[in-house]
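# Notes for the structure review
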Amino acid sequence: MLCLARRRLLQAARAAPLAVLLGGCAAPLPQTLIGKSSPLALTLLGESIEAHGRTGFQALRDINVGYTGEWRPLIGRLQPALVDAGFRGSSEERLLLGSSLVAQAHTGPSGRKQVLRGSLAAPGRPDRAQGDVQVWFNGQEALDTQKRAAAALVADAYALFLLGPLALVKRDLIVELGDDGAVDGHACRTLQVQLRPGLGFSRLDQVALYIDRDDALMRRVRLSLNGLASTQGAVVEVDTADHVKRHGVMWPTRFSERLLRPIPLLPVHDWRLIGLDVNRGYGVLDIARPTFAGAALRPALKLGGSGRG
């Protein structure tokens, strides 16, 4: 059973707007900005990038994944724009690495939501540092600022959850060592990462990577959500587990998300990677549209077999 204080906090969350709740919880990420990277932190980040499969990742042209998952009820009350429960149930996602694009096809009880997200790390294009996004609901493009910002934030965050430190290879970041921790029995060292620009359309986000001391895999990522007006000040963390090695890369297949601020340790979302294949050879025109086409159309190959870590 929840303790009395926890029940009262949940009751307050149902009644109060998110902005009111943000001020009442100690921040689980550092409040001061990092001035410069630590050599030791950069070394640890490099080791983790190698452990996740830098060489294999460099050989990939496109990545195709399928997810299924469940949302917890209360989070739809706290973050309705981000959750978008009517459309975000299962999803098919396409990462076109050479063009720095992520495309997502979400399905839910209200229909289909399609997202095309330009990369945060467009090489040689400082004017496109925060990228762009297009969103379609049941084939109709949405121009609403909040819907576009939420879609950009989700696309960027999910790339980080899937790829871990591989998603940071081309990013402008400052990194420092944080406190040691543990995730599901794995002793971890922590990297405090400062991203400029942040996730989605945020100018800056702080991220903590929990790196396994034994195998250098990212077991947890904690991040601020400054890319959406309704979630500024919020912090979440996602645990990654049951990694499989495919195509020279270590892929997490199980994800568990919790809200840390405004409500500490509130379960939010649990999802699984159920499909994965690579290098189909499609182009931008196959994903830059309200529905996938050509070689991007078929679902990701069902994931199975061994190689868990």
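Scroll up for the structure.
Everything in this summary refers to the structure shown in the same document. (Residues numbered from 1 in each chain as written. Predicted model: local features only at pLDDT ≥ 70, side-chain atom pairs only at ≥ 80, totals over all residues. Heavy atoms only, no water.)

Applying the stated criterion across every chain, the model contains 7 aromatic pairs. The interplanar angle of 55° and the centroid separation of 5.5 Å between the aromatic rings of tyrosine 158 and phenylalanine 161 together place this pair among those described as tilted. Within this pair, tyrosine 158 and its partner phenylalanine 161 are both found in helix 7 (residues 145–163), separated by 3 residues, close to a single helical turn. Phenylalanine 161 shares its class with tyrosine 158; the two are buried. Members of the aromatic cluster, each reached through a chain of ring pairs, are Tyr67, Tyr158, Phe161, Phe255 and Trp271. Positioned above the aromatic ring of tyrosine 210, the side-chain terminus of arginine 220 is 5.3 Å from the ring centre. (Phe/Tyr/Trp six-rings, centres within 6.5 Å; stacked < 30°, edge-to-face > 60°. Helix = DSSP H or I, 4+ residues; strand = E, 2+ residues; numbered from the N terminus. Buried < 20%, exposed > 50% of the residue type's maximum accessible area, 1.4 Å probe, protein only. Lys NZ or Arg CZ within 6 Å of the ring centre and 35° of its normal.)

Counting 60 residues, the largest nonpolar core has Ile63, Phe161, Leu191, Leu209, Val221, Leu223 and Trp251 as its most contacted members. Among the elements that make up this core, the one with the highest residue count is helix 7 (11 residues). Residues in contact with leucine 223, not counting those within four places in the same chain, are Leu29, Ala157, Phe161, Leu199, Gln206, Val207, Ala234, Val235 and Val236. (Core = buried A, V, L, I, M, F, W, Y, C linked by side-chain atoms within 4.5 Å. Contact = heavy atoms within 4.5 Å.)

Using the criterion set out here, one finds 18 salt bridges in the structure. The salt bridge partner of aspartate 277 is arginine 280, with a shortest N-O separation of 2.7 Å. The buried category is assigned to arginine 280, whose relative accessible area is 15%. Taken together, the shared-partner salt bridges connect Arg220, Arg222, Glu237, Asp239 and Arg258 into one network. (Salt bridge = Lys/Arg side-chain N within 4 Å of Asp/Glu carboxyl O.)

In terms of residue burial, strand 5 (residues 133–137) counts as a mostly covered element, since 4 of its 5 residues are buried. Two strands pair when backbone bridges link them, and strand 5 and strand 6 (residues 140–142) are joined in this way by 3 bridges, in the antiparallel orientation. Within strand 6, the residue paired with phenylalanine 137 across the bridge is glutamine 140. Here strand 5 folds back onto strand 6 in antiparallel fashion, the turn holding 2 residues, of which asparagine 138 has a positive phi close to 50°. (Pairing = 2+ DSSP bridges.)

What follows is about empty space enclosed by the protein. Under the definition given, this model contains 2 cavities of 30 Å³ or more. Taken as a whole, the largest cavity holds about 140 Å³ of empty space. Among the secondary structure elements, those contributing two or more residues to the lining of the largest cavity are helix 6 (80–83) and helix 7. Of the residues assigned to the lining of the largest cavity, the class counts are 12 nonpolar, 1 polar and 2 charged. Considering only enclosed or pocket space, the second largest cavity measures out at about 80 Å³ in volume. (1 Å grid on protein atoms, 1.4 Å probe; cavity = no way out; pocket = protein on both sides within 12 Å on 5 of 7 lines; lining within 4 Å. Points joined across faces, edges and corners; volume = space filled by probe spheres on them. Nonpolar A, V, L, I, M, F, W, Y, C, P; charged D, E, K, R; others polar.)

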